[in-house]
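Now for the letters of each chain:
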Amino acid sequence: MSETNRFAPPNANVAEPSPMDGAPVLASRWARLGAAIIDGIIAALFACAILIPMYGANTLIMLGRTPLHFAGGLALDYLLYMGLQSWCLYNSSQTIGKIALGLRIVRPDNSHAEFGRLLARLAIMTLNGVI
């Protein structure tokens, strides 16, 4: 009579799945961080280019103290930045930072992601950065 432990977990062969042919290669975390930093720098340049002419040279100093005073300029900045990034996403599924580093947003089957999903993702990430 063989001794088996009926409470032992079942034996299973757990191996790494082989990548599918034609599957996209995921970008490294560093590449994604670099693209996000480039996008952040572009957002800051947009803000400077819009807010300084509208409110003067002391805008960046006062922005942290009274951000509601600059609400109109910040809304304009957000809309223009979202417009530029949306145009890039629509044409190539890439933000400016991703274009600079050769990355793109694709679905698991390597097809382009839907523009609505890309736009929602961009809006959430940009609002997260604003907050």
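Colleague: Outline the pattern of salt bridges, listing residues and values.
Modeller: Any two side chains of opposite charge can pair, given that their charged atoms come close. Here the structure, examined in full by the defined rule, presents two salt bridges. Note that Glu114 and Arg107 form a salt bridge whose closest N and O atoms lie 3.5 Å from each other. Among the ionic pairs, Arg117 bridges to Glu114, the shortest N-O distance being 3.4 Å. Several salt bridges share partner residues, and in doing so they unite Arg107, Glu114 and Arg117 into one network.

Colleague: Tell me about the nonpolar core, and name the residues and values.
Modeller: Of all hydrophobic cores here, the largest spans six residues; its members are Met82, Leu89, Ile105, Ala113, Leu118 and Leu122. At the level of elements, helix 3 (71–92) and helix 5 (115–130) are the ones that each hand at least two residues to this core. Not counting residues within four places of it along the chain, the set of residues in contact with Met82 comprises Leu119, Leu122, Ala123 and Thr126.

Colleague: For the packing of aromatic side chains, give the residues involved together with the corresponding values.
Modeller: For the structure on display, the rule yields two aromatic pairs. On the basis of an interplanar angle of 75° and a centroid distance of 6.1 Å, the ring pair of Phe46 and Tyr81 is categorised as edge-to-face. Residue Phe46 is found in helix 1 (residues 29–55), and its partner Tyr81 is found in helix 3; the two are separated by 35 residues along the sequence. For Tyr81, a relative accessible area of 7% corresponds to the buried category. For the ring pair Tyr90 and Phe115, a centre distance of 5.3 Å and an interplane angle of 85° mean the geometry is edge-to-face. Of the two residues, Tyr90 sits in helix 3 while Phe115 sits in helix 5, which places them 25 residues apart along the sequence. Assessed through its relative accessible area of 31%, Phe115 is described here as partly exposed.

Colleague: Go over helix 1, please, and point to the residues and values.
Modeller: Compared with an ideal rise of 1.5 Å per residue, which puts 27 residues at 39 Å, helix 1 spans 38 Å between its outermost C-alpha atoms and is within 8% of the ideal. Among the residues of helix 1, Gly34, Ala35, Asp39, Ile42, Ala47, Ile50 and Leu51 are the ones counted as buried. Taken together, the buried residues of helix 1 touch helix 2 (59–62), helix 3 and helix 4 (96–101). Gly56 sits one or two residues past helix 1 and shows a positive phi near 105°.

Colleague: Could you give me a rundown of the layout of surface pockets, with the residues and numbers involved?
Modeller: Approximately 1,100 Å³ is the volume attributed to the largest pocket. Contributing to the lining of the largest pocket are 33 residues, with Ala36, Asp39, Lys98, Arg121 and Met125 lying nearest its centre. Ranked by residue count, the leading element in the lining of the largest pocket is helix 5, at seven residues. Per-class residue counts for the lining of the largest pocket are 19 nonpolar, seven polar and seven charged.

About the cut-offs
- Numbering of residues starts from 1 in every chain and runs along the sequence as written.
- Only residues with pLDDT of at least 70 are given local features in this predicted model, and only at 80 or more are side-chain atom pairs given and counted; all residues enter the totals for whole chains, interfaces and linings.
- Only heavy atoms go into the side-chain values, all of them from the structure, while hydrogens and water stay out.
- A pair is scored as a salt bridge if a Lys or Arg side-chain nitrogen falls within 4 Å of a carboxyl oxygen belonging to Asp or Glu.
- Nine residue types can take part in a nonpolar core, namely buried Ala, Val, Leu, Ile, Met, Phe, Trp, Tyr and Cys, and a core is a set of them joined through side-chain atoms within 4.5 Å.
- Only protein chains enter the accessibility calculation, which uses a 1.4 Å probe; a residue is then buried when its area is under 20% of its type maximum, exposed when over 50%, and partly exposed in between.
- The way it works is that DSSP assigns letters per residue, a run of H or I at least four long becomes a helix, a run of E at least two long becomes a strand, and they are numbered from the N terminus.
- In what follows, a contact means two residues having at least one pair of non-hydrogen atoms within 4.5 Å.
- Side-chain rings of Phe, Tyr and Trp, where Trp is taken by its six-membered ring, are said to pair if the distance between their centres is within 6.5 Å; with planes under 30 degrees apart they count as stacked, over 60 as edge-to-face, and otherwise as tilted.
- Multiplying 1.5 Å by the helix residue count minus one yields the expected span of that helix.
- A cavity, in this analysis, means grid points on a 1 Å lattice covering only the protein atoms where a 1.4 Å probe fits yet has no way out; a pocket is instead an open set bounded by protein on both sides within 12 Å along at least five of seven lines, and a residue lines either one if it has an atom within 4 Å of a point.
- Grid points are joined across faces, edges and corners, and a volume is the space filled by probe spheres set on the points.
- Note on residue categories: nonpolar means Ala, Val, Leu, Ile, Met, Phe, Trp, Tyr, Cys or Pro, charged means Asp, Glu, Lys or Arg, and polar means any other residue, Gly included.

The analysis is restricted to geometry; functional conclusions fall outside its scope.
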